[in-house]
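# Coordinate inspection notes
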Amino acid sequence: MKHPELKQKFNEIFPAAQAPRLFCAPARVNLIGEHTDYNGGHVFPCALTFNTYVAAAKRTDGKIRLYSLNFEKTGLVEADINHLAHDPKQDWANYPLGVFWAMQRRGLSFDGGADMLFWGDVPLGAGLSSSASIELAAAVALNTLFGFGLPQTELAKIGQEAENKFVGMNCGIMDQFASAMGKKDHAILLDCNTLHYEYAPLDLQGVSILICNTNKPHNLIESKYNERRAQSEHALKQLQSKLNINALGELTEEAFEQNKELITDPVERKRAKHAVYENRRTLLAAQKLAQGDLEAFGKLMNASHISLRDDYEVTGKELDAMAEAAWQQEGVLGARMTGGGFGGCVVALVKNEHVENFKQNVARLYQAATGYRPDFYAASAGDGARELKD
Ligand code: GLA
């Protein structure tokens, strides 16, 4: 399947529909700055050239009909635009339905329904934000078809609201922001406290960004993710008994060390420590990239993984095995888990001439340690959510 065929497929699945328009939104990989977004810190993701595509057309009645070629078992999902509700049976379709719902909550009114056919080449359940790419594909399609004229940053917030309040995953803004705002050959340094952002050219001088998929599905991630978030928020509350701060991302390492005893639970203290140190590492990493110091960037990636393993405890056996295998290889500048954790992917910086050996050796070591066969993708940074015109 290729996305230009999607309009054709649309006509087969929705024969009586209006002529569709084609939209897409990318997945993302986060280079550094993990579990910092909802802690008011910085993240450093880039959008990928893996996308969710959607062929979509308006309907004159209030019906919504959704179909995905990636989730054919779910079949056609139908909903009434005036009665949108989360339902586990709707499976993947809860993401686009949540986008309709979040748009309505902002007072936007739809003068009809829509037919939408989705297909994507994003690896699913790999921690590369397949769900955010579905949300943003839906959001950019609806924004265009219904003429709402919302800016891309607003579409990102709508995607996040759909996921938080309709789907029930309490994620931060990173994934939706990267999917909405991605720029070819650039990473995005985003301050999640203010949503101020800068594009950083990814000029990697003979180094590849390699994504190593553990192929361990990251199920159960929602409950553990929401738990980490609650622990960080509680730690912040205790710090606020003395400090005038709104988020952990406002603290320097020194300020944290001087005040950490305010956090009574040692586990919550570790969670907060990660959030503070990871934020500072992210700022430093962006500086190092701008200076062309990829060696230093790679070391910060390694430190990030260790902190996510020991203090935030979101890695698990497979991600650790993959990162450890990567660290041993020649030509590797750094490697760390990326995304929410508990399975999913490791991102590594590898010198081009060592990429082939890297893949062979890491695959062997990783498979011996876990029994899972990994996949590797060379990442290239792509553009954000948009309409595709012929
Ligand atoms: C998931 C969430 C993001 C972010 C990362 C961890 O991808 O959707 O908001 O919190 O985990 O950095």
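Our subject is the structure listed above.
Summary of the structure given here. (Residues numbered from 1 in each chain as written. Predicted model: local features only at pLDDT ≥ 70, side-chain atom pairs only at ≥ 80, totals over all residues. Heavy atoms only, no water.)

## Focus: the sheet that holds strand β7 (residues 186-191)
The following threshold applies: Two strands pair under a simple rule: DSSP has to find at least two bridges between them. What counts as a helix is a DSSP run of H or I of at least four residues, what counts as a strand is a run of E of at least two, and both are numbered from the N terminus. Between two residues, a contact is recorded if the distance between any of their heavy atoms is within 4.5 Å. Fitting a line to C-alpha atoms yields each axis, with helices limited to the stretch in contact; the angle taken between N-to-C directions then spans 0 to 180 degrees.
Reading across the sheet, the three strands line up as β2-β7-β8 and stay open at both edges, with antiparallel pairing between neighbours. Where the open sheet ends on each side, the last strands, each with one partner, are β2 (42-43) and β8 (196-201). Pairing of β2 with β7 involves two bridges; the strand directions are antiparallel. The residue bridging Val 43 from the neighbouring strand is Leu 190, located in β7. Against the sheet, helix α5 (residues 174-181) makes contact with β2, β7 and β8, and its axis sits at roughly 135° relative to β7, the strand it touches most.

## A short note on the side chain of Ser 304
Assignment of secondary structure puts Ser 304 in helix α9 (residues 294-310). When residues no more than four places from it in sequence are discounted, the contact partners of Ser 304 are Ile 32, Glu 278, Arg 281 and Arg 336.

## So, the pairing of strand β5 (residues 77-80)
Using the following cut-off: Summary of the burial criterion: residues with accessible area below 20% of their type's maximum are buried, those above 50% are exposed, and those between are partly exposed, where the area comes from a 1.4 Å probe applied to protein chains only.
Every second residue of β5 is oriented toward a common face, the buried set being Val 77 and Ala 79 and the non-buried set Glu 78 and Asp 80. As paired strands, strand β4 (residues 63-68) and β5 are joined by four bridges and run antiparallel to one another. Each residue of the ladder has a partner; that of Arg 65, found in β5, is Glu 78.

## Digging into the pairing of strand β3 (residues 45-59)
Most of β3 is tucked away, with twelve of its 15 residues classed as buried. Bridge count between strand β1 (residues 21-30) and β3: nine bridges; the pairing is antiparallel. Note on β3: the bridge partner recorded for Phe 23 is Val 54. Note: β3 against strand β6 (residues 113-120), eight bridges, orientation antiparallel. Bridged to Arg 59 within β6 is Gly 113.

## Comments concerning the side chain of Asn 51
Selection criterion: Pairs of N or O atoms within 3.5 Å make up the polar contacts considered here, provided that, within protein, one atom can donate a hydrogen while the other can accept it, and that residues adjacent in sequence are counted only when both atoms are side-chain atoms.
Relative to the helices and strands, Asn 51 is located in strand β3. Here the side chain of Asn 51 touches Thr 49 through a polar contact of 3.3 Å, landing on its backbone oxygen. Discounting residues that sit within four places of it in the chain, Asn 51 has contacts with Cys 24, Ala 25, Pro 26, Trp 119, Gly 120, Asp 121, Val 122 and Arg 386.

## Observations concerning the packing of helix α3 (residues 130-145) against helix α4 (residues 152-167)
As a reminder, the rule being used: Roughly parallel here means an angle under 35 degrees, roughly antiparallel means over 145, roughly perpendicular means 65 to 115, and every remaining angle is called oblique. When the near helix sits turned anticlockwise from the far one by under a right angle, the crossing is termed left-handed; a clockwise turn instead gives a right-handed crossing. Three residue categories are used. Nonpolar comprises Ala, Val, Leu, Ile, Met, Phe, Trp, Tyr, Cys and Pro, charged comprises Asp, Glu, Lys and Arg, and polar comprises the others, including Gly.
Viewed as axis vectors pointing N to C, α3 and α4 meet at an angle of 125°, and their least axial separation amounts to 9 Å. With respect to their mutual orientation, α3 and α4 come out oblique. Seen from above, α3 lies across α4 with right-handed handedness. The segment α3 lies against α4, with Ser 131, Glu 135, Leu 136, Ala 139, Val 140 and Asn 143 engaging Gln 152, Leu 155, Ala 156, Gly 159 and Glu 163. Grouping the amino acids of the contact of α3 with α4 by side-chain chemistry returns five nonpolar, four polar and two charged.

## Comments concerning the packing of aromatic side chains
Stated formally: A pair of aromatic rings is counted whenever rings of Phe, Tyr or Trp (Trp by its six-membered ring) have centres within 6.5 Å, and the orientation is called stacked for planes under 30 degrees apart, edge-to-face for over 60 and tilted otherwise.
One pass over the structure, following the stated rule, counts 16 aromatic pairs. Taking 6.2 Å as the distance between ring centres and 50° as the angle between the ring planes, the aromatic pair formed by Phe 44 and Phe 297 counts as tilted. On the criterion of sequence distance, the pair formed by Phe 44 in the loop between β2 and β3 and Phe 297 in helix α9 is long-range, its members being 253 residues apart. For Phe 297, a relative accessible area of 2% translates into the label buried.

## Quick notes on α9
Residues three or four positions apart in an α-helix share a direction because the helix packs 3.6 residues into each turn. What counts is decided by this rule: The span one expects for a helix is its residue count, reduced by one, times 1.5 Å.
Taking 1.5 Å of rise per residue, 17 residues should cover 24 Å, and α9 covers 24 Å from first to last C-alpha, within 8% of that figure. Within the span of α9, buried status applies to Leu 294, Ala 296, Phe 297, Gly 298, Leu 300, Met 301, Ser 304, His 305, Ser 307 and Leu 308. Contacts from the buried residues of α9 go to β9 (207-213), α8 (266-290), α10 (317-327), β10 (332-338) and β11 (345-351).

## Some remarks on the site of the ligand
Applied cut-off: Summary of the distance rule: residues count as near a molecule or strand when at least one heavy atom falls within 4 Å of that molecule or strand. Only the protein chains shown count as covering a residue, and every accessible area follows the Shrake-Rupley method with a 1.4 Å probe.
Close contacts around the ligand come from Arg 28, Glu 34, His 35, Asp 37, Tyr 38, Cys 171, Gly 172, Met 174, Asp 175, Tyr 225, Gly 339 and Gly 340, and that covers them all. Tyr 225 places a side-chain nitrogen or oxygen 2.5 Å from an oxygen atom of the ligand. Contact between the ligand and Gly 340: an oxygen atom at 3.4 Å from a main-chain N or O atom of the residue. Within the complex, the protein chains bury 95% of what would otherwise be the 300 Å² of accessible surface of the ligand. Class assignment of the residues belonging to the shell around the ligand gives a composition of four nonpolar, four polar and four charged.

## Remarks on the environment of Leu 300
Along the chain, Leu 300 turns up in helix α9. For Leu 300, a relative accessible area of 12% gives the class buried. Once residues within four sequence positions are removed from consideration, Leu 300 is found in contact with Ile 32, Arg 281, Leu 284, Ala 285 and Lys 288.

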